[in-house]
Amino acid sequence: MLKKLKTISNLVVLPHSVFALPFAMASLLTATHGKPSLHVLFWVVVCMVLARTTAMAYNRLVDADVDAQNPRTKNRDIPAGRISPPQVRVLTFICGFGFVMACYPLNLLAFKLSPLALAIMFFYSHTKRFTWTSHLFLGLALGVAPVGAWVAATGELAVAPFLLTGAVICFLAGFDILYATQDEAFDKKAGLHSWVVRWGVANSLQASRFFHVGMLGFLTVFGIQVGFPAGYYVGIGLIAATLLYQHLKAYTYASKDGKGHFSLSPQMMALNGWIAVIYFLVVGATLWL
């Protein structure tokens with residue numbers, strides 16, 4: 001049982017929950033003025049875990065054939081045979097159904113919107129087959145989390161959480177475009193679409209910077225929208241400095257042979273998770289201090 005649970009954790013890349021969860025928690029804290037009830041906090045965390053597990057399991061199912069052919073991904077759990085497609089389908093169904101049911105104790109609007117959230121997450125898994133803007137859909141799939149957390153807390157929609165959605169879209173697209181450079185040659189051969197395949201590595205670097213600047217813009221406007229004090233913007237400055245460091249140190253473009261190579265430092269890529277955590281801490285400090 002422990003071995004199977006470890007396999008499932010590897011399948012859905014559980015540590016990567018850090019990319020969306022902090023933004024959802026920041027939205028929840030803002031909507032409740034820093035004082036969410038234990039009831040709402042508990043069910044939001046449950047919903048986040050179930051939704052992300054559903055989305056990742058479905059994504060691994062959809063990509064299983066491609067993963068088996070890609071040298072970088074052929075050792076993932078489904079191609080390597082550590083878990084079977086039928087087992088992943090059952091996991092996807094159980095977690096998806098569980099997510100919808102977990103929204104019910106929150107409020108009626110959260111329950112009604114839960115199928116739409118799942119549909120957005122499922123749709124992303126197919127986008128690389130037909131559009132080079134798939135990175136934006138990945139951002140959208142994770143970007144529904146702040147809106148969901150806001151609805152969970154208030155029972156209504158508002159402008160503010162959609163600004164956080166914009167920030168998450170830019171954040172994820174910015175580093176997913178860079179991540180896609182690892183698969184440029186394979187994606188071209190397999191007929192898959194990405195920003196890198198469509199526009200090349202050099203233009204992708206520029207696009208990544210553009211999206212990360214956009215992220216900072218959305219976070220700034222969010223602070224203005226909800227009336228955060230000056231200390232919040234000091235935190236945004238810290239995030240901007242971290243992003244700048246990441247772009248300067250983590251990503252190196254070279255073209256000695258005229259083809260272009262892209263190297264990614266795992267340590268620098270891990271900064272993406274820390275950026276999300278830093279933002280949560282900034283919002284928490286703004287509200288609590």
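No experiment lies behind these values; they were computed from the predicted model shown.

We now examine the packing of helix α9 (residues 159-179) against helix α11 (residues 195-226). Close contact between α9 and α11 brings their axes to 7 Å; oriented N to C, the two are set at 155°. Classified by the interaxial angle, the pair formed by α9 and α11 is roughly antiparallel. Crossing of α9 against α11: the hand is left-handed.

Attention now goes to helix α2 (residues 21-31). In terms of burial, α2 is a largely internal element, 10 of the 11 residues being buried. The positive-phi residue at the C-terminal boundary of α2 is histidine 33, with phi of around 55°.

Here we take up helix α12 (residues 230-249). Between its first and last C-alpha, α12 extends 29 Å over 20 residues, near the 28 Å set by a 1.5 Å rise per residue. Among the residues making up α12, those that are buried are Tyr232, Gly235, Ile236, Ile239, Thr242, Leu243, Gln246 and His247. Viewed along the axis of α12, the buried residues span an arc of 135°, placing them on a single side of the element. Within α12, the exposed residues directed more than 90 degrees away from the buried face are Ala230, Val234, Leu244, Leu248 and Lys249.

Along the polypeptide, leucine 219 turns up in helix α11. Sequence separation between leucine 219 and isoleucine 236 is 17 residues; the distance between their C-alpha atoms is 7.4 Å. Here leucine 219 is in contact with Phe23, Leu164, Ala167, Tyr232, Ile236, Ile239 and Tyr279, once residues within four sequence places are set aside.

Criteria and cut-off values
- Residues numbered from 1 in each chain as written.
- Predicted model: local features only at pLDDT ≥ 70, side-chain atom pairs only at ≥ 80, totals over all residues.
- Heavy atoms only, no water.
- Axes fitted to C-alpha atoms, helices over the stretch in contact; angles between N-to-C directions.
- Helix = DSSP H or I, 4+ residues; strand = E, 2+ residues; numbered from the N terminus.
- Parallel < 35°, antiparallel > 145°, perpendicular 65-115°, else oblique.
- Left-handed = near helix turned anticlockwise from the far one by under 90°.
- Buried < 20%, exposed > 50% of the residue type's maximum accessible area, 1.4 Å probe, protein only.
- Expected span 1.5 Å × (residues − 1).
- Arc of directions from axis to C-beta.
- Contact = heavy atoms within 4.5 Å.

Any link to function would need more than the numbers given here.
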